[in-house]
Amino acid sequence: MDMNTIEAVVPTADPSAWRPGDAWLAGGTVLFSYGSTTLRRLLDVTTAGWPAIQVDDGGIELAATCTIAELYALPDRPGLPPAWTALELVRLCCDSFVASFKIWNASTVGGNIATALPAGPMTSLCASLDGVATVLGPGGGSRQVPVAGLVVGDARTSLAPGELLRSIHLPAAALASRVAFRRLSLSNLGRSGVLLIGRLAPDGGLVLTVTAATKRPVQLRFAGSGAAGPGAGLPDAAGLRRALDAAIPAELYHDDIHGLPQWRRDMTYRLAEEIRAELLGAPAHDVSKGA
Amino acid sequence: MAMGINGTPHANEPRPGQCLRTYLREEGMLGVKKGCDGGDCGACTVHVDGVPVHSCLYPAVRAAGKNVTTVEGLASGGTLHPMQEQFLAAQGFQCGFCTAGMLMTAATFDDAQKENLPRNLKGNLCRCTGYRAIGDAVLGVSTEDADSCGHVGASQGAPAGRAVVTGTARYTLDVDPADYPGLLHMKLLRSPHAHARITSIDTAAALRLPGVRAVFTHQDSPKQLFSTAQHELFTDDPDDTLVLDSVVRHVGQRVAAVVADSVQEAEAGVRALVVSYEVLPAVLDPENALLPGAPAVHGDKDAAASRIGDPAHNIVAELHTELGDVAAGLALADVVHQETYSTQRVQHTALETHAAIGRLDGEGRLDMRSSTQTPFLTRRALCRVFGLPEDAVRVVAGRVGGGFGGKQEMLTEDIVALAVLALRRPVQLEYTRTEQLTASTTRHPFTIRLSAGARRDGTLTALAVDVLVNTGAYGNHAPGVMFHGCGESLAVYQCANKKVDARSVYTNTVPAGAFRGYGLSQMFFAVESAMDELAAGLGMDPMEFRRRNMVRSGDPMLSTSPEPEEDVHYGSYGLDQCVDLVDDALRRGAERYREAGLAELGPDWAVGTGTALSMIDTVPPRGHFAHSVLELLADGTFKSSVGTAEFGNGTTTVHAQLAATALNSRAEFVAVAQSDTSLTEHDTGAFGSTGTVVAGKATLLAAQDLAGELLKVAADGAGADVAACRLVPGAVDCAGTLLPLARVYELAALAGRTLRAEGRWGGTPRSVAFNVHGFRVAVNRGTGELRILQSVQAADAGVVVNPRQCRGQIEGGIAQALGAALYEEVLVGDDGAVTTDILRQYHIPTFADVPRSEVYFAATHDSLGPLGAKSMSESPFNPVAPALANAIRNATGVRFTRLPLARDVIYLGLKAARA
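Note that the structure is a prediction, hence the values are computed from the model and not measured.

1. Here we look at the overall build of chain B
Part 1 of the reasoning: Assigned secondary structure in chain B consists of 26 helices and 31 strands.
Part 2 of the reasoning: Computed over the C-alpha atoms, the radius of gyration of chain B is 27 Å, within 12% of the 29 Å expected from 2.2 N^0.38 for a compact globule of 915 residues.
Part 3 of the reasoning: Once the C-alpha set of chain B is aligned to its principal axes, its extents read approximately 80 × 75 × 60 Å.
Part 4 of the reasoning: Evaluated residue by residue, chain B yields a buried proportion of 63% over its 915 residues.
Part 5 of the reasoning: Within chain B, residue pairs in contact and separated by at least 24 positions form 80% of the contacts whose partners lie at least 6 positions apart.

2. Quick word on the UniProt feature "domain: FAD-binding PCMH-type" (unreviewed entry) in chain A
Part 1 of the reasoning: Within the UniProt annotation, "domain: FAD-binding PCMH-type" (unreviewed entry) is assigned to residues 1–175 of chain A.
Part 2 of the reasoning: Across residues 1–175 of chain A, the secondary structure splits into 25% helix and 25% strand, with the terminal C-alpha atoms separated by 38 Å.

3. Considerations on the interface of chain A and chain B
Part 1 of the reasoning: On the side of chain B, 44 residues touch chain A, which itself brings 38 residues to the contact.
Part 2 of the reasoning: Within the residue set of the side of chain A that touches chain B, elements represented by two or more residues are strand S1 (8–10), helix H1 (31–34), helix H4 (101–104) and helix H10 (261–280) of chain A.
Part 3 of the reasoning: If one sorts the elements of the side of chain A that touches chain B by residue count, H10(A) sits on top with four residues.

4. A look at the sheet that holds strand S18 (residues 446–454) of chain B
Sheet strands pair by backbone hydrogen bonding; their relative direction is either parallel or antiparallel.
Residue and element names in this part refer to chain B.
Part 1 of the reasoning: With mixed pairing, the five strands of this open sheet are ordered in space as S12-S20-S19-S18-S13. The sheet is open, and its two edges are formed by strand S12 (315–323) and strand S13 (335–342), each paired on a single side. Strand-to-strand twist across the sheet, computed as the mean angle between neighbouring axes with direction ignored, equals 5 degrees.
Part 2 of the reasoning: Bridge count between S18 and strand S19 (residues 460–472): nine bridges; the pairing is antiparallel. Residue Ala452 lies in a different strand from S19, and its bridge partner there is Leu463.
Part 3 of the reasoning: Together, S12, S18, S19 and strand S20 (498–506) form the strand contacts of helix H16 (residues 478–485), whose direction differs from that of S12 by roughly 20 degrees.

5. Details of the pairing of strand S22 (residues 626–632) of chain B
Residues and elements named next belong to chain B.
Part 1 of the reasoning: Across the seven residues that make up S22, a large majority, six, are buried.
Part 2 of the reasoning: Across six bridges, S22 lies against strand S28 (residues 756–761) in antiparallel orientation. Paired with Ala626 across the strands is Trp761, a residue of S28.
Part 3 of the reasoning: Here S22 pairs with strand S23 (residues 638–642) via four bridges, running antiparallel. Bridging from a neighbouring strand, Leu630 pairs with Ser640 of S23.
Part 4 of the reasoning: Where S22 folds back on S23, the antiparallel hairpin that results is connected by five residues, among which Gly636 adopts a positive phi of roughly 90 degrees.

6. Remarks on helix H20 (residues 575–595) of chain B
Each α-helix winds once per 3.6 residues, and so residues spaced three or four apart point in a common direction.
Residues and elements named next belong to chain B.
Part 1 of the reasoning: Taking 1.5 Å per residue as the helical rise, H20 with its 21 residues ought to reach 30 Å, and the 30 Å between its terminal C-alpha atoms agrees with that figure.
Part 2 of the reasoning: Among the residues of H20, those classed as buried are Leu575, Cys578, Val579, Leu581, Val582, Asp583, Ala585 and Leu586.
Part 3 of the reasoning: On its buried side, H20 packs onto helix H19 (542–549), strand S21 (605–617), strand S29 (768–780), strand S30 (786–796) and strand S31 (854–857).
Part 4 of the reasoning: Gly597 lies just past H20 and shows a positive phi near 70 degrees.

7. A word on the sheet that holds S1(A)
Residue and element names in this part refer to chain A.
Part 1 of the reasoning: Strand order across the open sheet formed by three strands is S1-S3-S2, with parallel pairing between neighbours. Of all the strands in the sheet, just S1 and strand S2 (22–25) have a single pairing partner and so form its edges. Looking at each pair of strands side by side, their axes are set apart by 30 degrees on average, direction ignored.
Part 2 of the reasoning: Across three bridges, S1 lies against strand S3 (residues 41–44) in parallel orientation. The partner of Ala8 across the bridge, within S3, is Arg41.

8. Some remarks on the environment of Arg756(B)
Residues and elements named next belong to chain B.
Part 1 of the reasoning: With respect to the secondary-structure elements, Arg756 resides in strand S28.
Part 2 of the reasoning: For Arg756 and Leu630, which are 126 residues apart along the polypeptide, the C-alpha to C-alpha distance reads 5.6 Å.
Part 3 of the reasoning: Among residues more than four places away in sequence, those in contact with Arg756 are Val629 and Glu631.

9. Notes on the nonpolar core
Part 1 of the reasoning: Formed by 381 residues in total, the largest nonpolar core has its most connected members in Met186(B), Val258(B), Ala419(B) and Leu710(B).
Part 2 of the reasoning: Considering each element in turn, this core owes the most residues, 15 residues, to helix H22 (residues 691–718) of chain B.

Definitions and cut-offs
Residues numbered from 1 in each chain as written. Chains lettered and ligands numbered in written order. Predicted model: local features only at pLDDT ≥ 70, side-chain atom pairs only at ≥ 80, totals over all residues. Helix = DSSP H or I, 4+ residues; strand = E, 2+ residues; numbered from the N terminus. Rg over C-alpha atoms; globule rule 2.2 N^0.38 Å. Buried ≥ 20, exposed ≤ 12 C-beta atoms within 10 Å, placed from the backbone. Contact = placed C-beta atoms within 7 Å. UniProt positions renumbered as here; feature names shortened; annotations may be inferred. Pairing = 2+ DSSP bridges. Axes fitted to C-alpha atoms, helices over the stretch in contact; angles between N-to-C directions. Expected span 1.5 Å × (residues − 1). Core = buried A, V, L, I, M, F, W, Y, C linked by C-beta atoms within 7 Å.

The structure is reproduced here in structure tokens:
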């Protein structure tokens, strides 16, 4: 929709240029969708010319301005290391957008994370792959923050006013994981109500990332079977349930039109157990009897 | 140059915050539509350098130097794009408001994308079709009739088809700016409070802003109370509304209107208004509204003058009747079912939002173009509110982008008229999608406490309902929906003992209004759930139980009065056929699954079937009038002038077909002009499913009359006996000599006359139509996921004038009903504000959500309808939700009594039942 209070669109990606009343404009699919009656300027970061996707041995660098369409095409890129089996998540997460492929031509990875909806599938993807965001601040500074910690609540991030999400680095070790993906929505191809990603890392550890069901991403980490100490090692069904109990208090389950919190909770336990069974080769425990 | 549009450079620079959609419309590309303005509906899809995007989300400045293609640029010269041809061949549209976006999306598909339409079309919402016809269109499936004249029974395409697929069909705001010189734009300030008295409005700051021309407040409002509801008799609804009121009774009610040179200036003016309120106690819940001491929403009204039942106690209307003795009937029963059912607020979500554009014409008459189902009644309402004679007002509807009852209200025209009359300049008001969802109207929520009993032999012994209807802050349609809801839903069953206690009450919430089904969808949810429970309690097949108790042709249809409605008759009866058609189809479906080896889905899945029936009177009570004019033109074709608006209901096609049949002509030789108060005398409007049976009947009568005149003139001219003459397409066959109709026109002209006939119909006597729905579903006990394995509807529409179109109405009704059964709910927060304010919060079915339905027609011929036809537009909606709930009950053993039945609700309901 028209944003009738906007007085200028400024081509810049310099946080020093930011002042109150400004908003960073990437694809525009969120800003122009909700509209605004308070913003004065849009700072167009797409003019910075950041390369959308850079690949090296250390992993993948996604520019914040990488469009979903560009990301969707990534798995077809020649020369990607065959060990990066976790790349199968890319399309699964893109297809988790309630928005259609047309929106993907404009909307961006950074925009989806910065919007910080619990169901933001780029948050799911990047958090589950231990993505680390580079955030630019005024005066030429920058900081690094894990995506799982960047989104701190429903539509809330740890970005300070004027800070700019520059890129997300997906480390090679995470990309070389075996992954399992589960998602539920109240309608076919609708907004995610529950989205869980399990990742069995090369070191044998299991990382379970819960998004959509919770107000912010929640990660459960289990060290490989060689690990020592109390609580260490890969979980059995009961251990997984205890870990979820400890990690997610009832009030952290999201409550909106896209799913009742009790359903999201029970589905989190159900899908987590399915993932555990899939990745650890264990027989699935029937959660409907336990939960 | 700013950008190229359809190959032409456009130099105007867009504003900084402008989206491409409004820029394109300002540049004259009126085929680019606004459905939601938030990226959800896809109606505004265009190509930027060949890439499909939603133009409402695309910053216009970003298109600088690029080439934009809109629907107007899809055809090359006069040659349609193949996708446009396909949408015509499959009639992949009804109202057509989504069509440009559908075309611009589908035109980019490769073969792989066509193989996954649920994924690739989920960003394009259609509210009318149920998507089957759109799927056919995209895949190139033609449903064209082989060469036919388009008579009754033929699947003639809509006359506006080519305009729809080329983006040249003109909806409400698709006007030539030259016709509205100096057009001003209106924006509304809306109440933040559920109930408050406005103590002051300071307009000074707003009036100082550039471009702001006027601010209207309650001090400028006419004092005449009225209802936004439109009925033939305005006395059917309470007079409880003012154009602008000093008391606001729901969050979102109009407080003031700012009129400015542009939308953005009007928005700035709204932000600059300073309003003080005295906040009053509010009541949001209908049960609480009935408690002693509850705030009286319209306590200031005089009951008799405003026709409000009991304004001190928030009761708009009530009904208490008993036929026989329900207590005795329940005592006789072997099985008794008592349950409370409730239905939620749902919103029509027509793709075109409410909008009106008004001006004074050359003679100083008010000329109002609006998105309305009732142009003639709206004219009457404007005249009443503003004290104008009827000839001082013209109301016209262009093509309307969907209605579903939501446009049987006057929601924009009155405030636009106020501004036009005061400023004597053209003024436009266009609702946003959020205004539509939060501050227009919804379906009435019903709470129904039901008691019913049956004997072991399957005899229904008692049926009693205690109904509480929440009409919201205003009583538009409050009495009608309550009375109608309690009518056919009870009358369809023979039962000696029936009791109704019903109340329609005010609350400080968004007003409810007319919605497809008009109370019946809510009541049939309860009644048909109850019939299923009684059958289950008796161990009887539910369809067998219905066969034993449903009315048969000739049975008195009784609900709240011991005597049947005197003008409702069995003009035809096909309920028995519908029941059998659905029963048989479900049996075949189960067999198909078994043969395909799909019967077993796995341990988590429970499979079941469910059915429900519904009945509807073919015309609303107390008169529904239509006037139709048909004339022969000089070129030998016909011009039909009718009152009915076209909003995807397909009545334009039906008028042409009925006329062509009576004239033994071809449907394409009949051009229909419509929905303009300057064309015909009167038309009650396109609601109550009357397009075919009332307006169509008037057209048929005119055509039959004109046919006789044509024969007489031709016979005279040819010197033949009238009895030896007969009409053929384009000519009269006078005993073997063909006299072209253009010649007949000349002969009449030479005699100083035009060949013109009029038809009138008053909507009485009325008949009854039936729908029966069946589902086969699978429910995942572990997640609540519901899969619809089979969906079947049988309809008794009498003689089906246009089978393809009627099937489309039924498919669309099923899809809309599935939305209401599965997801849709307008939610009101603790402060009284609607929280589901954008389409991402109010999910309507997408291509991915709607199963293909089998549609069957009963073979009946109605003695009252035109050429045997009956109504079939609202009613396909009505049996869907109960059939679905009954299927879930059959699969899982759990009865769900509240709508909607989303997956989380189903899962938690099953979990609670296990505990």
